[in-house]
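# Structural features, examined
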Amino acid sequence: MCKYETLMYYNMVLFAVATNVSTALSSACIVFAAIIIAVQKWKTDYWPSVDISIMKVLGVYGLLQCVVAGLSINPLESFGDVWGTMYRFFPLIFALGYIKTERRLKVILMAFLLSVLITDVVGVYQFFVLDNHRPKGMSGTATFYASNLLMALPILYMIVRERCIQYKWISIGVLFFSVVMLILSGTRGGWIALVFVLAVLIFLEKKYRNVVVAICVALGISFGFCIYANPSLQSRLITITDTKYQSNSERLLMWQSAIAIFKDYPLHGIGQDQFGYMYNTKYISPLAKERGDEDYRKGHGHPHNNFFKFLAEGGIIGITAFLLLHGYFLYRMILLYRKEKNIDSVSCGMIGILIFLGIHLEGMTDTNANQVPIMREYWFLMGLLLAWGNIKLLKKRETL
């Protein structure tokens, strides 16, 4: 392997460590990766291989987002958001273009496990030492911490199944540790998403289904113990279906406002990153109690729902782009899962499906698809899984 691929490999190891730890470090890794590619192209006239189908989908998505931004109530801010969104796809492209061996991929996964362990340890400190009843680890909020963990858990399960490290009990311990921290985060949307993710895992994991069911029973017992031992978590659980609970009622009012915005701007919406301004200055319900003051940015900046955010800010064009992008990657993971049926190892496609479900189910009650660290990690993991799936399928063909 050439020195540029080696540099990119070490850079992705560092990026994997940064995913749950430092947004600044992950940004630096992306910039360094872009420099590596530019220098490699200049020195060797080599361009890393890309998945043409994925690049086409990303291109269509970017084009539709530019149309929405051009018709925005504030084009300058919206185009800035478009660039920020497209920039988050870089880790996906890097992973697909440079990961060629299973050994290097497993090292990157070990770096990712370390990242999860660090943020979980910080979360434990916050919960038990600082007496923070909703620990956030090294994420911005407890809900974002839950999003990070919902992506991490399938990867940790894959590490356990693949036995990527010599002492598998370490990965099992981090997996269980992360589930407990997801519970302690008090993120109700994350709890609901986890239940659905586990149900789909039981359905898709045919070889070790009995083991998975046993694990789910153990997790259920752990959840029950955590709820029983913590009054704060008890109150969070009780309010899940209570529409009069303020957090829930405010969400319902924001969703109604998002629909009202869509009705007024049905084709192209109000533009990216404009929900906060329009909601707090014009569309906020008189029943809403959580309101901004003279500075609208102190109010809610998103509707706590990915679907309603893209519907209000992008109209038909924006929501079409959103569904096209994420629907395509779900299709690719399902296709990969089917191709891997005869491979005697954990399915990369299955893990991708679980990550997809975790993010988007939790995204029904908390807007997470616009968060920089969350989406960088999401696309990075999608790239790793597609790259590993390709490696496994190639090895299978070579042995036939």
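Above this text sits the structure in question.
Our subject in this report is the structure included herewith. (Residues numbered from 1 in each chain as written. Predicted model: local features only at pLDDT ≥ 70, side-chain atom pairs only at ≥ 80, totals over all residues. Heavy atoms only, no water.)

## Some points on a nonpolar patch on the surface
A grouping of Leu 7, Val 31, Phe 32 and Ile 35 is seen on the molecular surface, where their side chains present a nonpolar patch of about 340 Å² in accessible area. The greatest single-element share of the nonpolar patch, amounting to three residues, is contributed by helix α2 (residues 23–44). Tracing the backbone through its elements, the reader meets Leu 7 in helix α1 (residues 3–18). A relative accessible area of 39% places Leu 7 in the partly exposed class. (Patch = residues over 30% accessible without salt bridge, like charges linked within 9 Å, V, L, I, M, F, W, Y side chains within 5 Å. Areas by Shrake-Rupley, 256 points an atom, 1.4 Å probe, with all protein chains shown as cover. Salt bridge = Lys/Arg side-chain N within 4 Å of Asp/Glu carboxyl O. Helix = DSSP H or I, 4+ residues; strand = E, 2+ residues; numbered from the N terminus. Buried < 20%, exposed > 50% of the residue type's maximum accessible area, 1.4 Å probe, protein only.)

## Side note on empty space enclosed by the protein
What the rule picks out here adds up to six cavities of 30 Å³ or more. Considering only enclosed or pocket space, the largest cavity measures out at about 230 Å³ in volume. What lines the largest cavity is a set of 18 residues, among which Tyr 61, Asp 81, Thr 85, Phe 310 and Ala 369 lie closest to the centre. Elements with a contribution of two residues or more to the lining of the largest cavity: α3 (52–70), α4 (75–87), α14 (306–339) and α16 (372–399). Take the lining of the largest cavity: its biggest share by element is six residues, from α14. A per-class count over the lining of the largest cavity returns eight nonpolar, six polar and four charged. In this model, the second largest cavity occupies a volume close to 50 Å³. Lining the second largest cavity are Asn 11, Met 12, Phe 15, Cys 29, Ile 30, Ala 33, Pro 91, Phe 94 and Phe 380. Among the secondary structure elements, those contributing two or more residues to the lining of the second largest cavity are α1, α2 and α5 (90–98). A class-by-class count of the residues in the lining of the second largest cavity yields eight nonpolar, one polar and no charged. (1 Å grid on protein atoms, 1.4 Å probe; cavity = no way out; pocket = protein on both sides within 12 Å on 5 of 7 lines; lining within 4 Å. Points joined across faces, edges and corners; volume = space filled by probe spheres on them. Nonpolar A, V, L, I, M, F, W, Y, C, P; charged D, E, K, R; others polar.)

## Here we look at the layout of surface pockets
A volume near 610 Å³ is recorded for the largest pocket. In this structure, the largest pocket is lined by 28 residues; those nearest its centre are Tyr 157, Val 160, Arg 161, Leu 175 and Ile 215. Counting residues per element, the ones that place at least two in the lining of the largest pocket are α7 (142–162), α8 (168–184), α9 (188–204) and α10 (209–229). Tallied by class, the residues present in the lining of the largest pocket amount to 22 nonpolar, one polar and five charged. The calculated volume of the second largest pocket comes to roughly 470 Å³. Along the walls of the second largest pocket sit 24 residues, with Arg 188, Gly 189, Asn 248, Arg 251 and Thr 365 positioned nearest its centre. Of all elements in the fold, only α7, α9 and α12 (246–264) reach the threshold of two or more residues within the lining of the second largest pocket. Top element by residues in the lining of the second largest pocket is α12. It accounts for five residues. In terms of residue class, the lining of the second largest pocket is built from eight nonpolar, 11 polar and five charged.

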